[in-house]
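A structural walkthrough
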Amino acid sequence: MPELPEVEVTKNGIAGYLIDQKITKVYFDDKSLRKPFLPNLYNLEGAEVRKVERRAKYIIIMTTKGYLLLHLGMTGHLTVLDKGVQRALHDHFEIELSNKKIIRLNDIRRFGLVLYYPLEQSPYESEYLKDLGPEPFSDEFNAEYLYSKLSRHSKSIKQTITDNYVVVGIGNIYASEVLFKTKINPTTPANKISLRQCQNLVSNIRDILSESINKGGTTIRDFSGADGRLGYFVQNLNVYGHKNDPCPVCGHKIVSIIQGQRSTFYCPNCQK
Ligand SMILES: [Zn+2]
């Protein structure tokens, strides 16, 4: 599943092809993603793209005729192709641009989202974005903020930092990695985390996400070209997916537990 770093890299990868271009054609098929495609998407034809932004795992394409809100769901990929490249299976949506490029969405499991918003109705005010917690790289996300949020939750720290209303972008994989780096046991109740630990959490969250974004930057070339499928980059993961492997720090066996129906990986020796 694309996580925040992949979405950031995707946004950066497509932005250069989109900005100042005119959308000459909109295409979608008759399959439904998380929501069905609506004919109001055609309102984007003739629009010029002004800006491409990311909020949480949403991409927002701002044009002179309204907004395109995209979410990649579980399996969505956006690729930049030359006009005329044939569609493949699971290519469900595309926009054609005045520079003869196509931005195409392939989504095998169809949990993605493609919605049009008119100019007077910002997607930032929509049900999807309006109540989200701060971005991990924003000033608003700092140790004091996190401490005050965590103090109100008795659920585990793992479940609390993956909550999009606390902070966006800490997916299941990154939560295990961040807690390992911060030496916090994932089952610790959120309200038992100290301000000092919050400082370390904030800085480790930023380090791990930016490392991942920087690595992804090298795959941007995959966005263009005829076979431009982007394979989401595999991270150097210390604990996630490493059940029974030796901990890279102390050699103890990594264990796996289930929290809120999702797997968590940690080292019981480093994360007491
Ligand atoms: Zn260890």
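Before going into details, it helps to say that this report is about the structure given with it.

Conventions and cut-offs
- Residue indices follow the written sequence of each chain, beginning from 1 at its first position.
- Since the coordinates come from a predicted model, pLDDT governs what is reported: local features require at least 70, and pairs of side-chain atoms require 80 or more to be given and counted, while whole-chain, interface and lining totals use all residues.
- DSSP calls a pair of strands paired once it identifies at least 2 bridges connecting them.
- What counts as a helix is a DSSP run of H or I of at least four residues, what counts as a strand is a run of E of at least two, and both are numbered from the N terminus.
- Comment: axis = line fitted to C-alpha atoms, over the contacting stretch for helices; angle = value between 0 and 180 degrees taken between N-to-C directions.
- Neighbour counting defines burial: a residue surrounded by 20 or more other C-beta atoms within 10 Å of its own C-beta is buried, one with 12 or fewer is exposed, and intermediate counts give partly exposed, using backbone-placed C-beta atoms.
- Each residue is represented by a C-beta atom placed from its backbone, and any two residues with such atoms within 7 Å are regarded as in contact.
- Here, the arc refers to the directions that run from the helix axis to the C-beta atoms.

1. Observations concerning the sheet that holds strand β1 (residues 23-28)
The four strands are arranged β1-β6-β7-β5 in an open sheet whose pairing can be described as antiparallel. On the outer flanks of this sheet lie β1 and β5 (76-82), each paired with one strand and no other. Adjacent strand axes in the sheet meet at a mean angle of 15 degrees, parallel and antiparallel pairs treated alike. Across five bridges, strand β6 (residues 91-97) lies against strand β7 (residues 101-107) in antiparallel orientation. Within the sheet, the bridge partner assigned to Asp 91 lies in β7 and is Asn 106.

2. What to know about the environment of Tyr 165
Topologically, Tyr 165 is positioned in the loop between α3 (157-161) and α4 (172-182). For Tyr 165, a count of 10 C-beta atoms within 10 Å translates into the label exposed. Aside from chain neighbours lying at most four places away, what touches Tyr 165 is Asp 131, Leu 132 and Gly 133.

3. A look at α4
Of all the 11 residues making up α4, 10 are buried; the element is thus mostly covered by neighbouring parts of the structure. Residues Ile 173, Tyr 174, Ala 175, Ser 176, Glu 177, Val 178, Leu 179, Phe 180, Lys 181 and Thr 182 constitute the buried set of α4. After α4 finishes, the residue Lys 183 shows a positive phi value of roughly 55 degrees.

4. Brief notes about the sheet that holds strand β3 (residues 58-63)
Sheet architecture is open: four strands sit in the order β2-β3-β4-β8, paired in antiparallel fashion. In the strand order of this sheet, the two ends are held by β2 (49-55) and β8 (113-117), each with one partner. Ignoring strand direction, the axes of neighbouring strands in this sheet form an average angle of 15 degrees. Strands in contact with helix α1 (residues 4-18) are β2 and β3; relative to β2, the strand with the most contacts, it is inclined by about 180 degrees.

5. Focus on the pairing of β6
The two faces of a sheet get side chains in turn, since along a regular strand they alternate between them. Counting buried residues along β6, six of its seven residues qualify, which places the element largely inside the surrounding structure. Where β1 lies against β6, five bridges are found, and the strand directions are antiparallel. What sits directly across from Lys 25, in β6, is Glu 96. The antiparallel pairing of β6 with β7 creates a hairpin that spans three residues between the two strands, and Lys 100 there sits at a positive phi of about 65 degrees.

6. A closer look at helix α2 (residues 143-150)
Within the sequence span of α2, burial applies to Leu 146, Tyr 147, Lys 149 and Leu 150. Projected onto a plane normal to the axis of α2, the buried residues spread over an arc of 165 degrees and lie on a single side. Counted as exposed and oriented over 90 degrees from the buried face of α2: Glu 144 and Ser 148.

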